[in-house]
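# Tertiary structure, described
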Amino acid sequence: MPAAFGSEPQQPVNFFPAGSEIYAQGEKAGAFYQVEFGAVRIYRLLADGRRQISAFHLAGETFGFEADTKHHFFAEAINATGVRAFRFSAGADMSHKLLPLALKGLTRAQEHLLVLGRQNAIERVAAFLVDMAERQGGLRQVELPMSRMDIGDYLGLTIETVSRVFTRLKDKGVIRLLNLRSIEIVKHVALHCMSE
């Protein structure tokens, strides 16, 4: 439960298996969500069938804020994920509690736009890895619950380009690939420099 909602009643955790939909684009909105464990991808399907991922949400993070009554994106569990839905009674003024969470989401969205504006694939992947490390407490070992294809759809790159950049960063000694979903940042300063 978000710290700001300590006085609200505890909501049950809803379990979503990997790949299952939490809500769909066009569905009625009326709640926001917090990831208890696992990870969530927020995306939209483009007219040509391609998928554009706009955000990933990890444990402790909130999502699902909408400016109107319908969801504008799909939300899907990346892996086995537990999510709490928070709904408030009509007439309750929760703006003072929701505003900081909404502003944090807006800041993350603006930073994502800056990453997409970069020309260089290495800069995009480096910025993504730095962001993931910071969101996981700045640890050297970073868990990546999402696939290389998810990362590509988030960064506007092909899966092949993402894989090549990971290999190049490994060959330069900047990261170690521990397994498909886990890396170790060996040279944090170098990775950070590449992301700027």
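For the structure, check the block above.
Residues numbered from 1 in each chain as written. Predicted model: local features only at pLDDT ≥ 70, side-chain atom pairs only at ≥ 80, totals over all residues. Heavy atoms only, no water.

It is worth spelling out the pairing of strand β11 (residues 182-185) at this point. Covered by surrounding structure in β11 are S182 and E184 together with I183 and I185, the residues of both alternating faces. Both strand β9 (residues 141-143) and β11 contribute to a ladder of three bridges, which runs antiparallel. Looking at β11, one finds that Q141 is bridged to E184. Pairing of strand β10 (residues 175-179) with β11, which is carried by four bridges, proceeds in the antiparallel orientation. Bridge assignment links I175 to a residue of β11, and that residue is I185. What sits between β10 and β11 in their antiparallel hairpin is a turn of two residues. (Buried < 20%, exposed > 50% of the residue type's maximum accessible area, 1.4 Å probe, protein only. Helix = DSSP H or I, 4+ residues; strand = E, 2+ residues; numbered from the N terminus. Pairing = 2+ DSSP bridges.)

It is worth spelling out the environment of Q34 at this point. Tracing the backbone through its elements, the reader meets Q34 in strand β3 (residues 32-37). Linking Q34 and E61, residues 27 residues apart in sequence, is a C-alpha distance of 5.6 Å. Of note is the side chain of Q34, whose polar atom sits 3.3 Å from the backbone oxygen of G60. (Polar contact = N/O pair within 3.5 Å; in protein donor to acceptor, adjacent residues only side chain to side chain.)

Our focus in this paragraph is the packing of helix α2 (residues 121-135) against helix α3 (residues 148-155). For the pair α2 and α3, interaxial distance at closest approach is 11 Å and the crossing angle is 110 degrees. The pairing of α2 with α3 is recorded here as roughly perpendicular in orientation. Considering only the axes of α2 and α3, their crossing is right-handed. Of the residues in α3, those in contact with R124, V125 and F128 of α2 are I151, Y154 and L155. Partitioning the contact of α2 with α3 into residue classes produces five nonpolar, no polar and one charged. (Axes fitted to C-alpha atoms, helices over the stretch in contact; angles between N-to-C directions. Parallel < 35°, antiparallel > 145°, perpendicular 65-115°, else oblique. Left-handed = near helix turned anticlockwise from the far one by under 90°. Contact = heavy atoms within 4.5 Å. Nonpolar A, V, L, I, M, F, W, Y, C, P; charged D, E, K, R; others polar.)

Our focus in this paragraph is the packing of aromatic side chains. Per the counting criterion, the structure on display carries ten aromatic pairs. Here the aromatic rings of Y23 and Y33 are separated by 5.4 Å at their centres, their planes lie at 35 degrees, and the arrangement is tilted. Of this pair, Y23 sits in strand β2 (residues 21-23) while Y33 sits in strand β3, and the two are ten residues apart along the sequence. On the accessibility criterion, Y23 (3% relative accessible area) is buried. Members of the aromatic cluster, joined through ring pairs, are Y23, Y33 and F63. Across from the ring centre of Y43, 6.0 Å away, lies the NZ or CZ of R51, which sits over that ring. Lying across the ring of F166, R148 places its NZ or CZ 4.1 Å from the centre. (Phe/Tyr/Trp six-rings, centres within 6.5 Å; stacked < 30°, edge-to-face > 60°. Lys NZ or Arg CZ within 6 Å of the ring centre and 35° of its normal.)

Read from one edge of the open sheet, four strands run β1-β8-β3-β6, paired in antiparallel fashion. Two strands bound the open sheet, and with one partner strand each, they are β1 (13-16) and β6 (62-63). Here β1 runs beside strand β8 (residues 81-86); their pairing, made up of four bridges, is antiparallel. When the bridges of β8 are listed, F15 appears paired with G82.

Here we have four strands laid out as an open sheet, ordered β2-β7-β4-β5, and antiparallel in their pairing. Of all strands in the sheet, those with a lone pairing partner are β2 and β5 (51-58), marking the two edges. Along the sheet, successive strands turn relative to each other by an average axial angle of 30 degrees, direction set aside. The pairing of strand β4 (residues 39-45) with β5 spans seven bridges and is classified as antiparallel. If you follow Y43 over to β5, its bridge partner there is I53. Across the sheet, α3 lies against β4 and β5, angled at about 110 degrees from β5, the strand it touches most.

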